[in-house]
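Observations on chain architecture
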Amino acid sequence: MNLQDLGLYLTDASLEGYKFECQLVPGEVEVLQVVIEGFQEIPVYISVTDTQILCITYLFSEDEVNPESKSQMTEQMLEMNIPMPLTSFASIQGRYVVFGALSINSRFEDVAHEVVTLGENSVDALSVMAEYLK
Amino acid sequence: MGVLSNLFTAIRGGAREAGEAVVDANAVRIFEQEIVDAKNHIKKAKDSLTTVMAEKMQSARKLDAIKNDITENELYATKALDQGNEALAIEVAEKIASLEGGLAEQQHIHDNCAAHIEKLKAQIQGAERQISENERQLNMIKTTESVHKATSAISDNFMSSGSKIINAKESLERIKKRQQMREDKLKAAQALNSDDYDQSLQNKLKEAGIMESSSSNANAVLERLKAKK
């Protein structure tokens, strides 16, 4: 999966009424930042490894969580994990994220679908988790 | 098991900086070398397995030959006894005894071969299981490594993009507000489209004769034009 091609595809595409704005961030590991129209605050970051395509959206940092309700929140995340399609909770370097992992052989359409799902699920997840935030 | 908990420790521990390797590259190389070595061992074990299996077949053939010999000589001995030739019978019996000695020896070789084969097969199976386990763990290490690199790169990008200034609650509010606005617009547009409401009211008024229909309007225009003439 070439991220530049994916970026071009997404910029031209319109899926389920959403449009995308893409920016390729070069580096040792390339990252494609995808902003879904309407969800500017929570971009989706895509990177490709040997085995999978990772799509990640940052929800909030650990500091934003009320310390006394943290365990309740993580419990809720675990419970939401399976019912929430194509999206899982994780934690990276002190930040809570939702992510989807796709096969390296996925089509652009599949990635686009994942991106939209991730965006919509992020908003849902944020709505649910908001009560645990400061 | 072990590898995974080691990985957790590595991720939790020092290697949290972007670009820093989670797993010691040297350790991975050693691990890979171990897998190669184990595969070579299996190859050698399979070579000796082939040799021992051939030996066992050879020994089985010898066993059969001796057994046949014994049966044949037993027949001779019986015949000699039948003829009353005790001396010859004893001579044959001695040969049988010596054959039986050889038989026991050959049986021993045969049994040893069989035991050796079982042992080699078990060794190969064990080594193969170990290799696939090692390869699975190596895969996990490599995946963790690449995922870590990817998430670090994403994380760096996220941090530098200024998204951190807005907290999650603000983001959510903005998104929700935008969604609400979009819904409102949609509703407004729908309301605009639903002139149907006005239309049906007009129809009712016309039917009731309160409002003039468009055809009568045309008549009025015609009348007006005629009057102008």
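Up top is the structure these notes are about.
Our subject in this report is the structure included herewith. (Residues numbered from 1 in each chain as written. Chains lettered and ligands numbered in written order. Predicted model: local features only at pLDDT ≥ 70, side-chain atom pairs only at ≥ 80, totals over all residues. Heavy atoms only, no water.)

As for the overall build of chain B
Summing up its helical and strand segments, chain B has six helices and zero strands in all. Taken over 229 residues, chain B has a buried fraction of 23%. Total accessible area computed for chain B in this model is approximately 16200 Å², and 55% of it derives from carbon and sulfur atoms. (Helix = DSSP H or I, 4+ residues; strand = E, 2+ residues; numbered from the N terminus. Buried < 20%, exposed > 50% of the residue type's maximum accessible area, 1.4 Å probe, protein only. Areas by Shrake-Rupley, 256 points an atom, 1.4 Å probe, with all protein chains shown as cover.)

Digging into the interface of chain B and chain A
Accessible area lost on assembly of the parts is the figure often given for the size of an interface. Counting residues at the interface gives 30 residues for chain B and 34 residues for chain A. Surface buried jointly by chain B and chain A totals about 2700 Å² across both partners, of which 61% is contributed by carbon and sulfur atoms. In this structure, Glu41 of chain A and Arg174 of chain B form a salt bridge, with 3.9 Å as the shortest nitrogen-oxygen distance. Linking chain B with chain A are eight residue pairs in polar contact (both at pLDDT 80 or more), by the criterion used here. Of the residues forming the side of chain B that touches chain A, the biggest block, 14 residues, is contributed by helix H3 (residues 86–160) of chain B. (Contact = heavy atoms within 4.5 Å. Buried area = accessible area lost by both parts, 1.4 Å probe. Salt bridge = Lys/Arg side-chain N within 4 Å of Asp/Glu carboxyl O. Polar contact = N/O pair within 3.5 Å; in protein donor to acceptor, adjacent residues only side chain to side chain.)

With respect to the sheet that holds strand E4 (residues 44–48) of chain A
Residues and elements named next belong to chain A. The seven strands are arranged E1-E2-E3-E4-E5-E7-E6 in an open sheet whose pairing can be described as antiparallel. If you trace the sheet from one side to the other, it starts and ends with strand E1 (14–15) and strand E6 (88–92), each paired once. Helix H1 (residues 3–12) rests against E1, strand E2 (18–25), strand E3 (31–36) and E4 of the sheet, and its axis sits at about 155 degrees to E2. (Pairing = 2+ DSSP bridges. Axes fitted to C-alpha atoms, helices over the stretch in contact; angles between N-to-C directions.)

Quick look at helix H2 (residues 25–82) of chain B
In this model, H2 of chain B (58 residues) spans 85 Å end to end at C-alpha, consistent with the 86 Å of a helix rising 1.5 Å per residue. Following H2 of chain B by one or two positions, Gly84 of chain B has its phi on the positive side, about 75 degrees. (Expected span 1.5 Å × (residues − 1).)

With respect to helix H2 (residues 70–81) of chain A
Residues and elements named next belong to chain A. Its 12 residues place the ends of H2 16 Å apart at the C-alpha level, agreeing with the 16 Å of an ideal helix rising 1.5 Å per residue. What H2 keeps buried is the set Met73, Met77, Met80 and Asn81. Along the axis of H2, the buried positions cluster into a sector of 105 degrees, meaning they face one direction only. Opposite the packed face of H2, turned more than 90 degrees from it, sit the exposed residues Ser71, Leu78 and Glu79. (Arc of directions from axis to C-beta.)

Comments concerning the packing of aromatic side chains
Residue and element names in this part refer to chain A. The tally for this structure, following the rule as stated, stands at four aromatic pairs over all chains. Ring centres of Tyr9 and Phe108 lie 5.3 Å apart, and the angle between their planes is 35 degrees; this geometry places the pair in the tilted category. Taken together, the residues Tyr9 in helix H1 and Phe108 in helix H3 (residues 108–129) connect sequence positions 99 residues apart. Overall, Phe108 belongs to the partly exposed group, its relative accessible area being 25%. Between the aromatic rings of Tyr45 and Tyr58, the centroid separation amounts to 6.0 Å while the plane-to-plane angle is 80 degrees, which identifies the pairing as edge-to-face. (Phe/Tyr/Trp six-rings, centres within 6.5 Å; stacked < 30°, edge-to-face > 60°.)

A word on the side chain of Asn121 of chain A
Residue and element names in this part refer to chain A. Considering the arrangement of structural elements, one finds Asn121 in helix H3. Within polar-contact distance, the side chain of Asn121 engages the backbone oxygen of Pro85 at 3.0 Å. Once residues lying within four places of it in the same chain are set aside, the contact partners of Asn121 are Met84, Pro85 and Thr87.

Digging into the pairing of E4 of chain A
Residues and elements named next belong to chain A. Burial of E4 is extensive: four of the five residues sit out of reach of the surface. Where E3 meets E4, three bridges bridge the pair, whose relative direction is antiparallel. Paired with Gln33 across the bridge in E4 is Tyr45. In the sheet, E4 pairs with strand E5 (residues 52–61) via five bridges, with the strands oriented antiparallel. Opposite Val44, over in E5, you have Thr57 as the bridge partner.

What about the packing of H2 of chain A against H3 of chain A?
Residues and elements named next belong to chain A. With their axes 11 Å apart at the nearest point, H2 and H3 run at an angle of 145 degrees to one another. Classified by chirality, the crossing of H3 by H2 is right-handed. Taken together, the residues of H3 that come into contact with H2 (itself represented by Met73, Gln76, Met77 and Met80) are Ala125, Val128 and Met129. For the contact of H2 with H3, the per-class residue count stands at six nonpolar, one polar and no charged. (Left-handed = near helix turned anticlockwise from the far one by under 90°. Nonpolar A, V, L, I, M, F, W, Y, C, P; charged D, E, K, R; others polar.)

Some remarks on unusual backbone geometry
All names here are of chain A. Phi is positive for Glu16, close to 50 degrees, though the residue is something other than glycine. Relative to the elements of secondary structure, Glu16 occurs in the loop between E1 and E2. Look at Glu16 and you get partly exposed, because its relative accessible area is 48%. Not every positive phi belongs to a glycine, and Leu86 is a case in point at roughly 60 degrees. Relative to the helices and strands, Leu86 is located in the loop between H2 and E6.

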